[in-house]
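Secondary and tertiary structure notes
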Amino acid sequence: MPDWKGDALEQAIISQAPQVEKLIATTAHERMPWYHSSLTREEAERKLYSGAQTDGKFLLRPRKEQGTYALSMIYGKTVYHYLISQDKAGKYCIPEGTKFDTLWQLVEYLKLKADGLIYCLKEVCPNSASTAGAAAPTLPAHPSTFTQPQRRVDTLNSDGYTPEPARLASPDKPRPMPMDTSVYESPYSDPEELKDKKLFLKRENLLVADIELGCGNFGSVRQGVYRMRKKQIDVAIKVLKHSTEKADKDEMMREAQIMHQLDNPYIVRLIGVCKAEALMLVMEMAGGGPLHKFLLGKKEEVPVSNVAELLHQVSMGMKYLEEKNFVHRDLAARNVLLVNRHYAKISDFGLSKALGADDSYYTARSAGKWPLKWYAPECINFRKFSSRSDVWSYGVTMWEAFSYGQKPYKKMKGPEVLDFIKQGKRMECPPECPPEMYALMSDCWIYKWEDRPDFLTVEQRMRSYYYSLASKAEGPSQCGQGVEAASV
Ligand code: ADP
Ligand code: MG
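The chain has the name Tyrosine-protein kinase ZAP-70 isoform X2 in an unreviewed UniProt entry, where Castor canadensis is given as its organism.

Below, the structure written as structure tokens:
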């Protein structure tokens, strides 16, 4: 595990607690002194016969046949080998014995009760890692050349494209968690890399590939690679279209200045700005595409717990923005990008503002090209933007996610929505949306901003709902693992 500072660790624990718990329980044996990860039957016998041949001395080793293990124990100067297999539900047992969720629990039980063995497990026959200490970590070599990025496939749903991480989930491996990816921590969290951190990047360290990730009014977003001191990282590059308009450049620089001040696992980080053939905003890569596109048509495939997990991450990113006194002003499913199907980041800070130290809202001088369907009444009526108006947008984003990518207020035009809201009407609960989540989105749409919850509260409510789903889930597939192996 990397050497995390308090905040990063806290975020990891909050967002990934249910998975971490499961992971710790199901892989705990790997760290036990009695577990020998590569040992043949003969080697096991040699180990158990050497030294004191105490009754009940034991070790556990995986067998060639996937998912099965052997428990080797010495008793009366003879080594016995017992097969441990998994039943259909993934529970472990020796034939006819009591079943357990994890190997570690099974071993603990067999220490207390022989349960079909010739003797109880007593003394541990330790593996070499626990006697010789851990191996030294290996450092990546400095790259002398760029590695060209692979052509990306559109989104996560097409042909199993999973940009991050390379380690794919399979039924017998735990699924990837945000903290396992390269974009959980800032690339500058390494002090060596931090020495080079500047807003403006050198063009020679940037490779812009001819692969378009998306586009907008400003121009296009391209895939690329940025070379740092010790590593090269995948990046997304917002390239300003050829424009002599100073206003466009200023706008992009304002977006960069905002992003430059933010550092959170659930927010797309800015790597820097490059002024060369065009003005380019270089960001960390979230190559899974926008949330609404990923969810569209996936009711069967993506469980509600997966949607709640991603929305909880968005609430964590928004709680961070609220604490830092920034308003996003364009929170919507289209601006939530996926790193993989269990990891979302907030993006697009084109409309964002830093509030003054004593201000709780920003007043826009004039109305612009605004995403009215995502805006709270006070934004439209008084041009007032606060974290509470972001909460309103978060409610609309929740609605988009739980309706699996539908467009909000479908048939209505922007200005009609305001009338609809003034009349006290709200969008209905999407068919798949759990009542607890509809209750939360309804609170996000409380008319008076003072009465709406803040992101501190929203995050807590998202968290407890998501944890409740994760703890209800039985078996590894309920948390998304089984589905994931099939589709991503
Ligand atoms: P706009 O202001 O035009 O909405 P965005 O910042 O939302 O611009 O980017 C437009 C599109 O570019 C996104 O929908 C996404 O497909 C792609 N994109 C933007 N940032 C990234 C990123 N960091 N990683 C991967 N793709 C990105
Ligand atoms: Mg956008």
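From this point, the narrative continues.
1. A few points about the coordination of the magnesium ion (ligand 2)
In the first shell of the magnesium ion (ligand 2), the protein supplies Asn335 (OD1) and Asp348 (OD), at 2.2 Å from the metal. With Asn335 in the loop between strand S10 (326–327) and strand S11 (336–340) and Asp348 in the loop between strand S12 (343–346) and strand S13 (353–354), this residue pair connects regions lying 13 residues apart in the sequence. Classification of Asn335 as buried rests on a relative accessible area of 6%. What makes Asp348 partly exposed here is its relative accessible area of 24%.

2. Structural notes on the packing of aromatic side chains
A complete count under the given rule lists 15 aromatic pairs for this structure. Between the aromatic rings of Tyr266 and Tyr343, the centroid separation amounts to 5.7 Å while the plane-to-plane angle is 75°, which identifies the pairing as edge-to-face. You can see Tyr266 sitting in the loop between helix H6 (246–260) and strand S8 (270–275) and its partner Tyr343 sitting in strand S12, a full 77 residues away along the chain. Linked through ring pairs, Tyr362, Trp370, Tyr375 and Phe385 together constitute an aromatic cluster. Sitting over the ring of Phe385, Arg329 keeps its end group 4.0 Å from the ring centre.

3. Points about the site of ligand 1
Near ligand 1, the surroundings consist of 17 residues, among which Phe218, Lys238, Glu284, Ala286 and Asp348 are the closest. In the model, a nitrogen atom of ligand 1 is placed 3.0 Å from a nitrogen or oxygen of the Ala286 main chain. The separation between an oxygen atom of ligand 1 and a polar side-chain atom of Asn335 is 3.2 Å. In the complex, 84% of the free accessible area of ligand 1, which totals 550 Å², lies under the protein chains. Those elements giving two or more residues to the shell around ligand 1 turn out to be strand S5 (206–216), strand S7 (232–240) and strand S9 (279–284). A total of 4 residues in the shell around ligand 1 trace back to one element, the largest contributor, which is S5. Split into classes, the residues belonging to the shell around ligand 1 amount to 11 nonpolar, 3 polar and 3 charged.

4. Brief notes about the sheet that holds S8
One open sheet holds the 5 strands; their spatial order is S5-S6-S7-S9-S8, and the pairing between them is antiparallel. Both outer strands of the open sheet, S5 and S8, are each paired with one neighbouring strand and no more. Neighbour-to-neighbour, the strand axes of this sheet turn through a mean angle of 30°, independent of strand direction. Examined bridge by bridge, strand S6 (residues 219–227) and S7 share 9 bridges and lie antiparallel to one another. Across the sheet, Gly219 pairs through a bridge with Leu240, a residue of S7. Sheet contacts for H6: S7, S8 and S9; angle to S9, the most-contacted strand, approximately 25°.

5. A short note on the pattern of salt bridges
This model, assessed by the stated rule, comprises 20 salt bridges. In this structure, Arg463 and Glu459 form a salt bridge, with 2.9 Å as the shortest nitrogen-oxygen distance. Taken together, the residues span about one helical turn, with Arg463 and Glu459 both in helix H13 (residues 455–472) at a distance of 4 residues. Residue Arg463 is classed as partly exposed on the basis of its relative accessible area, which comes to 22%. Taken together, the salt bridges that share partners define one network made up of Glu192, Lys195, Asp196 and Arg229.

6. Description of helix H1 (residues 6–27)
Its 22 residues give H1 an end-to-end C-alpha distance of only 25 Å, which falls more than 12% under 32 Å, the value for a rise of 1.5 Å per residue. The largest bend along H1 measures about 80° and falls at Gln16, with the proline Pro18 one to four residues further on. Here H1 has its buried residues at Ala8, Gln11, Ala12, Ile14, Ser15, Gln16, Ala17, Pro18 and Gln19. Check the buried side of H1 and you find it contacts helix H8 (304–323) and H13.

7. Some remarks on the confidence of the model for the chain
Averaged over all residues, the pLDDT of the chain is 87; the fraction at 70 or higher stands at 86%. Here residues 133–144 scores under 50 on pLDDT; set against residues more than four positions off or in separate chains, the count is 11 contacts. Note on residues 165–172: pLDDT is under 50 here. Beyond four places in sequence and across chains, it has 18 contacts.

8. Some words on the environment of Leu355
Its location among the elements puts Leu355 in the loop between S13 and strand S14 (361–363). The exposure class assigned to Leu355 is buried, which follows from its relative accessible area of 12%. Counting along the chain gives 30 residues from Leu355 to Asn325, while the straight-line C-alpha distance between them is 5.6 Å.

9. Things to note about the environment of Asn264
Position of Asn264 relative to the elements: it lies in the loop between H6 and S8. With a relative accessible area of 1%, Asn264 lands in the buried category. The sequence separation of Asn264 and Tyr184 amounts to 80 residues, and the corresponding C-alpha distance is 8.0 Å. Leave out the neighbours within four places in its chain, and Asn264 touches Gln11, Arg269, Gly317, Tyr320 and Lys345. Within the structure, Asn264 has its side chain in polar contact with the backbone nitrogen of Tyr266 (distance 2.8 Å).

About the cut-offs
- Residues numbered from 1 in each chain as written.
- Chains lettered and ligands numbered in written order.
- Predicted model: local features only at pLDDT ≥ 70, side-chain atom pairs only at ≥ 80, totals over all residues.
- Heavy atoms only, no water.
- Donors = N, O, S within 2.8 Å, 3.2 Å for Na, K, Ca; no water.
- Helix = DSSP H or I, 4+ residues; strand = E, 2+ residues; numbered from the N terminus.
- Buried < 20%, exposed > 50% of the residue type's maximum accessible area, 1.4 Å probe, protein only.
- Phe/Tyr/Trp six-rings, centres within 6.5 Å; stacked < 30°, edge-to-face > 60°.
- Lys NZ or Arg CZ within 6 Å of the ring centre and 35° of its normal.
- Near = heavy atom within 4 Å.
- Polar contact = N/O pair within 3.5 Å; in protein donor to acceptor, adjacent residues only side chain to side chain.
- Areas by Shrake-Rupley, 256 points an atom, 1.4 Å probe, with all protein chains shown as cover.
- Nonpolar A, V, L, I, M, F, W, Y, C, P; charged D, E, K, R; others polar.
- Pairing = 2+ DSSP bridges.
- Axes fitted to C-alpha atoms, helices over the stretch in contact; angles between N-to-C directions.
- Contact = heavy atoms within 4.5 Å.
- Salt bridge = Lys/Arg side-chain N within 4 Å of Asp/Glu carboxyl O.
- Expected span 1.5 Å × (residues − 1).
- Bend = angle between axes of the 7 residues up to and from the residue.
- pLDDT = per-residue confidence, 0-100.

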